[in-house]
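Each chain, written out:
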Amino acid sequence: MVAHLLRLKLALLRNSLRRKPMQLVGLAIGALYGLGILGFAIAGLIALGFADVGTAGTVVVLAGSAVLIGWLVVPVLAAGVDMTLDPLRFTTFAIPMRQLLAGLALSGFLGVPGAVTLLASLGTVGTWWHHPAAAGAALVCAPLAVLTCVVASRAITSASTNLAASRRFRDASALILFIPLMLLGPIISSLTAGIRNASEALPALARTLSWTPLGAPWSVPADLAAGNPGPAGLKFLIAVGTLALLAWAWKVSLAKALVTPPHTSGARRTGGRPGFFRFFPGTPTGAIAARCLTYWLRDPRYAGGLIVAPLVPLLVSFSALRTGSTLPLLFSGVLAALLLVWSISADISYDNTAFALHVATGVTGRQDRAGRAVAVTVLAVPLGLVYSVLGVAINGSWWMLPGVLGLTLGGVLSGLGLVSVFSARVIMNAPAPGDSPFKSKPGNNFGTVLLQLAGFAGLGALVLPELILVVVAVATGNALFSWLSLAVGLVLGTLFAWLGFRVGASVYDRRAPELLEQVTANA
Amino acid sequence: MAGQGNPPALAVSGLAKRFGGKIAVNGIQLVVPAGSFYGLVGPNGAGKTTTLSMATGLLRPDAGSVQVHGVDVWQHQLEAKRLMGILPDGVRLFDRLSGEQLVTYAGLLRGMDRETVAGRVRDLLQALDLTQDAGTLVVDYSAGMTKKIALASALIHAPRLLVLDEPFESVDPISAANIRDILHGYVRSGGTVIVSSHVMDLVQRMCDHVAVIAQGNVLAAGTVDEVRGGASLEDRFVELVGGRNQTEGLEWLRTF
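Residues numbered from 1 in each chain as written. Chains lettered and ligands numbered in written order. Predicted model: local features only at pLDDT ≥ 70, side-chain atom pairs only at ≥ 80, totals over all residues. Heavy atoms only, no water.

Colleague: Which parts of the structure should I look at to understand the overall build of chain B?
Modeller: Helix and strand content of chain B: nine helices and 10 strands. Looking at chain B alone, contacts between residues at least 24 apart form 65% of all its contacts between residues at least 6 apart. Accessible surface, chain B: about 11400 Å² in total, of which carbon and sulfur atoms supply 50%. (Helix = DSSP H or I, 4+ residues; strand = E, 2+ residues; numbered from the N terminus. Contact = heavy atoms within 4.5 Å. Areas by Shrake-Rupley, 256 points an atom, 1.4 Å probe, with all protein chains shown as cover.)

Here it is as C-alpha cells:
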C-alpha cells in the first residue's frame, strides 16, 4: 500500500509532465536550483567539521531549527502547496490509517523540497566525521529530524483542513501570505544585521533550542562529539517523543478531516445589493468594468496584486532612503500604476472558462477591452497620481511634477494599449479561480515567465521616451524637459492606448472562440 | 420545411471537429424545427457537447455550417448569438459575483437596459427559487443552485432558441419540475428548446423530437415516436448505440 502511494505520486508527476513539456523545463530548473542549494549546504556542513565542536553544534542546531519552522509555517499559509496526494481523495478507499500515514509521510520526500531537506540534513554526518560516534548518531538523527519536519507539516495541514475548507479562510490566508513575502528583503537584511550584533547570544540560544523539539534531534550528535552522552540520550528521547506525538496528532486530525468533507459556510444573503454595478452605466462595457472591479476586491488573485502594487514602490524607496537618496521616489508612481495595469495582461486566463459567457453573449472586442481597461484605470490612476505627488513632495522638487505625471500617465496609457493586445493574444497558465495565487503545478510557469519578461520589455520600450525626458530633466535641472515629458506622455500614451485598443479589439473579435478553446485546454 | 418564410430553429450541416487525432464530431446533419422541444441523447464522449458548442458559436468547427433561424452562426456571430440562450456544460461561472449580480451581468452583456434587467432578474430568481440566496456569492452555491443560476443567465434576454447542455444534472426533483414547467411554457409560446441528456426517461417524457448521437455521428433523428418505434426510448437507444454487455460475468459480485 505504501509503495502504491509512492508510485501514484510519481505517476501523477510523470503524466502532468507528459501533458505539458514546458513543465519539464521548469522542473529541471527547479531541480537545478535545489541541487545548487544542496551542494552549498553539504559543502558548508562538511567544512563546518573543521570548526570547533561548540561552533559546529551551534550552527547545526540553529539551521536545523529554522528548517523545521519553515516546514511548519509554509504549508499553513500557502494552503495547497503540494496537494497532489490530498488525503481527502482517499476517503472512499478504506486504506488502513497506519499505511495511509506511512505512505503520505514518505511521499513527502518525493519532491524537490523534501529530497533537498533529507540530503542536506544527511550532510551533518559529514560535519561530525571526525567523531565516529557522533557521525553514527547523525546518520540516525538526520532522517529522524526530516521525518519530523514532514510529519509536522502534514499534521498542521490536516489540522487546518477544517478551517481551510471554508472559502473565506482560504481567501484570507492567500492574501496574508503576500505581506511577509513582500517584506522578505527588509526582514532578511534586518535579521542578518541583528544576528551580527547578537552573535555572542547565539550559542545560548542554540543551547536553549537544543532542549526543545525544534533543536533536539540536531544536537544529539553535537553533544556526543562534545563528550556528553547523558544530555545526548535525553535529547534523543525528546526527538523521538516529539515525532511520536506529532504522528499521533496527525493521525487524530486526519481521521477527523477524512469524515469532514469540504463545506461552504456563510449565511445566505438575499438580493438588492448590486455593488459596483450601481456605479457604472448599464451597458456591456459598464457591466464588464463593474464585474472586473468586483473581482479586484473579492478574488485573492487580483486582490493580491492590489496589495503588492502599493508595497513595491515603498520597498524600493525604503532601500533608496537608506542610501540617502530620494531620487527613486520620483518613479514610485509609475511603478505602482504599471504593476496594476500589467496584472490584467492575464485577465482572460484568470477568467478561465467563465469567459464562455462573454463569447456566448456576443460581447464585442471593443466592449470587452474597454470594460477591463476602465476597471484597472479606476485603480491605477489614483494610485499613480498619489505616489507621484508624494514622491515629488518628499524629493522637494516641485518643478519635476509635470515630468513625473507625464511618465505616470504616459505609462498607464501605453500599458493599457499593450495589455489590450497581450491579453487577447496570449493565454497564460494562471492559477484557477479559487486556487491560492501561489499554487502552481510543478514547474509549469517557465513559459509564463518568459512571456511576462517579453511583455515587460515591450512596456519598457513604449515608456522609453518619457523616461529619457525625465532623466534628462533631472540631470540638467531644466524644467523644460519636465514639461516636455508631460506633453510626450499624454500624446504618445493616448496614441499607444488607442492603437492597442483597436488592435486588441480586432484580435479579440477574430479569436474569441479560440481564446475560449485555449482556456478550456488549460483548465 | 415550410420554405423561405419559416426556416428551422437550428440547421446543422456537415459539422465536423477533430481534436488532435480524435474525431469528435464527424460531419453531423441535424434539423431542429422551430417550436420543438428537442432532445439530444448519446453515451459519454459521443460529441454532444462539442456539437452544441459549435452550434452556439463557442467552438469554431473544422467544417460545416450552422444556421439559427436562417442566420449563419459563424458568418454573422453577433446576430445569431442574440437569438440564442446557452447553458454550456462544464464551464465555470463568474462565481465571485452574487447570484443576482451574475444574472444582471449576463443581461447587461446582452445590451439590455438596466430597468428591464432588474425586473427580469427578480422574476427569474423567484421562478427558480433562488430569491433567498440572491445575494450569496455563486462560489458558495450548491451544484444544483449553480445550474439554476446559469439557466437564469441563459434566459434573461428571452431568446428564440434555448440550448441547454445537461440542464438537470444535480438539480433537485422539485426544481427540475419547475424548470420543466418553465420550458414547456416557453415552447408553447413558440420558443425552441434543445436539451442534451443521458436520462432517456426524461427525454421521452419531456421532448417531442430526439436525435441519438454516438461517436460523432447522428444514428437516428426525428419525432420521439418515430425514433423509438413502439419500444421505449431507452431500449431503442441501447439497440442503436450497442455496447450492452451480456448480464453474465461478475458472478463473484453475488458471492459476497
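Colleague: Can you help me understand the overall build of chain A in this one?
Modeller: A count of helical and extended segments in chain A gives 20 helices and zero strands. Sorting the 523 residues of chain A into buried and exposed places 44% on the buried side. Put simply, of all contacts in chain A between residues at least 6 apart along the chain, 80% involve residues at least 24 apart. (Buried < 20%, exposed > 50% of the residue type's maximum accessible area, 1.4 Å probe, protein only.)

Colleague: Explain the pattern of salt bridges here, please?
Modeller: Pairs may arise between side chains of opposite charge once their charged atoms sit close together. Summed over all chains, the structure comprises 13 salt bridges over all chains. With a closest N to O distance of 2.9 Å, Asp368 of chain A and Arg372 of chain A form a salt bridge. Of this pair, Asp368 of chain A and Arg372 of chain A both sit in helix H17 (residues 365-395), four residues apart, roughly one helical turn. On the accessibility criterion, Asp368 of chain A (0% relative accessible area) is buried. Taking the relative accessible area as the measure of exposure, Arg372 of chain A reaches 3% and is therefore buried. A salt bridge links Glu517 of chain A to Lys17 of chain B; its shortest N-O distance comes to 3.9 Å. Here Glu517 of chain A, found in helix H20 (residues 479-522), pairs with Lys17 of chain B, found in strand E1 (residues 10-19), and the two come from separate chains. Take Glu517 of chain A: its relative accessible area is 29%, and that puts it in the partly exposed class. (Salt bridge = Lys/Arg side-chain N within 4 Å of Asp/Glu carboxyl O.)

Colleague: Mind showing me how you'd approach the packing of H17 of chain A against H20 of chain A here?
Modeller: For any two helices packed against each other, one specifies the inter-axial angle together with the distance between the axes. Residues and elements named next belong to chain A. Contact geometry for H17 and H20: axes closest at 8 Å, N-to-C directions at 125 degrees. By the angle class used here, H17 and H20 are oblique. Where H17 crosses over H20, the two elements pack in a sense that is right-handed. On the side of H17, the interface is formed by Gly365, Arg366, Asp368, Arg369 and Ala370, while H20 contributes Phe501, Arg502, Gly504, Ala505, Tyr508 and Asp509. Partitioning the contact of H17 with H20 into residue classes produces four nonpolar, two polar and five charged. (Axes fitted to C-alpha atoms, helices over the stretch in contact; angles between N-to-C directions. Parallel < 35°, antiparallel > 145°, perpendicular 65-115°, else oblique. Left-handed = near helix turned anticlockwise from the far one by under 90°. Nonpolar A, V, L, I, M, F, W, Y, C, P; charged D, E, K, R; others polar.)

Colleague: Just to check I follow, could you spell out the interface of chain B and chain A for this structure?
Modeller: Reports often express the size of an interface as the amount of accessible area lost when the parts come together. Counting residues at the interface gives 37 residues for chain B and 50 residues for chain A. Buried area between chain B and chain A, summed over both chains or domains, comes out near 3800 Å², and the portion from carbon and sulfur atoms is 56%. In this structure, the connection of chain B to chain A is made through two salt bridges. With a closest N to O distance of 2.5 Å, Arg60 of chain B and Glu514 of chain A form a salt bridge. For the pair chain B and chain A, the number of links is 19 residue pairs in polar contact (both at pLDDT 80 or more). Counting only elements with at least two residues in the side of chain B that touches chain A, the list comes to E1, helix H2 (77-83) and helix H3 (99-109) of chain B. Considering every element that reaches the side of chain B that touches chain A, the biggest residue donor is H3 of chain B, with six residues. Along the lines of polarity and charge, the residues of the side of chain B that touches chain A split into 18 nonpolar, eight polar and 11 charged. (Buried area = accessible area lost by both parts, 1.4 Å probe. Polar contact = N/O pair within 3.5 Å; in protein donor to acceptor, adjacent residues only side chain to side chain.)

Colleague: What should I look at first to understand a nonpolar patch on the surface in this one?
Modeller: Residues and elements named next belong to chain A. Taken together, the side chains of Leu139, Val140, Phe236 and Val240 make up a nonpolar region of the molecular surface, amounting to roughly 320 Å² of accessible area. Contributing elements (two or more residues each) for the nonpolar patch: helix H6 (132-164) and helix H11 (229-258). Of note, Val240 is situated in helix H11. (Patch = residues over 30% accessible without salt bridge, like charges linked within 9 Å, V, L, I, M, F, W, Y side chains within 5 Å.)

Colleague: Would you mind showing me how to read the pairing of strand E4 (residues 63-68) of chain B here?
Modeller: Residues and elements named next belong to chain B. Pairing of E1 with E4 involves five bridges; the strand directions are antiparallel. Opposite Ala16, over in E4, you have Ala63 as the bridge partner. As consecutive antiparallel partners, E4 and strand E5 (residues 71-72) are separated by two residues, and within that stretch His69 has a phi angle of approximately 45 degrees, a positive value. (Pairing = 2+ DSSP bridges.)

Colleague: I would appreciate a short explanation of the side chain of Ser345 of chain A in the present structure.
Modeller: Residues and elements named next belong to chain A. The residue Ser345 is located in the loop between helix H14 (332-343) and helix H15 (347-351) in this model. Among the polar contacts made by the side chain of Ser345, one reaches the main-chain carbonyl oxygen of Trp342 at a distance of 2.8 Å. Leave out the neighbours within four places in its chain, and Ser345 touches Val419, Phe422, Ser423, Met428 and Gln452.

Colleague: Would you mind going over the sheet that holds strand E7 (residues 161-165) of chain B with me for this structure?
Modeller: Two strands in a sheet stick together by hydrogen bonds in their backbones, pointing the same way (parallel) or opposite ways (antiparallel). Residues and elements named next belong to chain B. The mixed open sheet is built from six strands, whose spatial order is E6-E7-E8-E3-E9-E10. If you trace the sheet from one side to the other, it starts and ends with strand E6 (84-87) and strand E10 (217-223), each paired once. Pairwise comparison of adjacent strand axes, ignoring direction, gives a mean angle of 15 degrees for this sheet. Sheet topology places E7 next to strand E8 (residues 192-197); five bridges connect them, and they run parallel. The residue of E8 that forms the bridge with Asp165 is Ser196. In this fold helix H5 (residues 143-155) packs onto E6 and E7, with an angle of close to 165 degrees to the strand it touches most, E6. Of the strands in this sheet, strand E3 (37-41), strand E9 (209-214) and E10 touch helix H9 (residues 233-241), which is tilted by about 30 degrees from E9.

Colleague: In this structure, what is going on with the packing of aromatic side chains? I would like to understand it.
Modeller: Each pair of aromatic rings is reported with the distance of its centres and the angle of its planes. The final tally for this structure, using the stated rule, is 10 aromatic pairs over all chains. Ring centres 6.1 Å apart and planes at 65 degrees place the aromatic pair Phe277 of chain A and Tyr105 of chain B in the edge-to-face group. With one member in each of two chains, Phe277 of chain A in the loop between H11 and helix H12 (284-298) and Tyr105 of chain B in helix H3 form a pair that bridges those chains. Assigned by exposure class, Phe277 of chain A and Tyr105 of chain B land together as buried. Seen in terms of ring centroids, Tyr295 of chain A and Phe94 of chain B are 6.0 Å apart; in terms of plane orientation they differ by 85 degrees. Their pairing is edge-to-face. Residue Tyr295 of chain A is found in helix H12, and its partner Phe94 of chain B is found in the loop between E6 and H3; the two belong to separate chains. (Phe/Tyr/Trp six-rings, centres within 6.5 Å; stacked < 30°, edge-to-face > 60°.)

Colleague: Before we go on, may I ask you to explain the sheet that holds E4 of chain B in this structure?
Modeller: Residues and elements named next belong to chain B. A sheet is described by the order of its strands in space; here four strands give the open sequence E2-E1-E4-E5, paired in antiparallel fashion. Sheet topology places strand E2 (22-32) and E5 at the edges, where each strand pairs with a single neighbour. Two elements, E4 and E5, share two bridges in a ladder whose sense is antiparallel. Following the sheet pairing, Val68 is matched in E5 by Val71. Lying on the sheet, helix H1 (residues 48-55) is in contact with E1, E2 and E4; it crosses E1 at an angle near 120 degrees.

Colleague: Before we go on, may I ask you to explain the environment of Arg110 of chain B in this structure?
Modeller: Tracing the sequence through the fold places Arg110 of chain B in the loop between H3 and helix H4 (114-127). Its relative accessible area of 16% is what places Arg110 of chain B among the buried residues. Along the primary structure Arg110 of chain B and Lys81 of chain B are separated by 29 residues, whereas in three dimensions their C-alpha atoms are 9.3 Å apart. Apart from the residues lying within four places of it in its own chain, the contact partners of Arg110 of chain B are Ala360 and Thr361 of chain A together with Lys81, Arg82, Met84, Gly85 and His157 of chain B.

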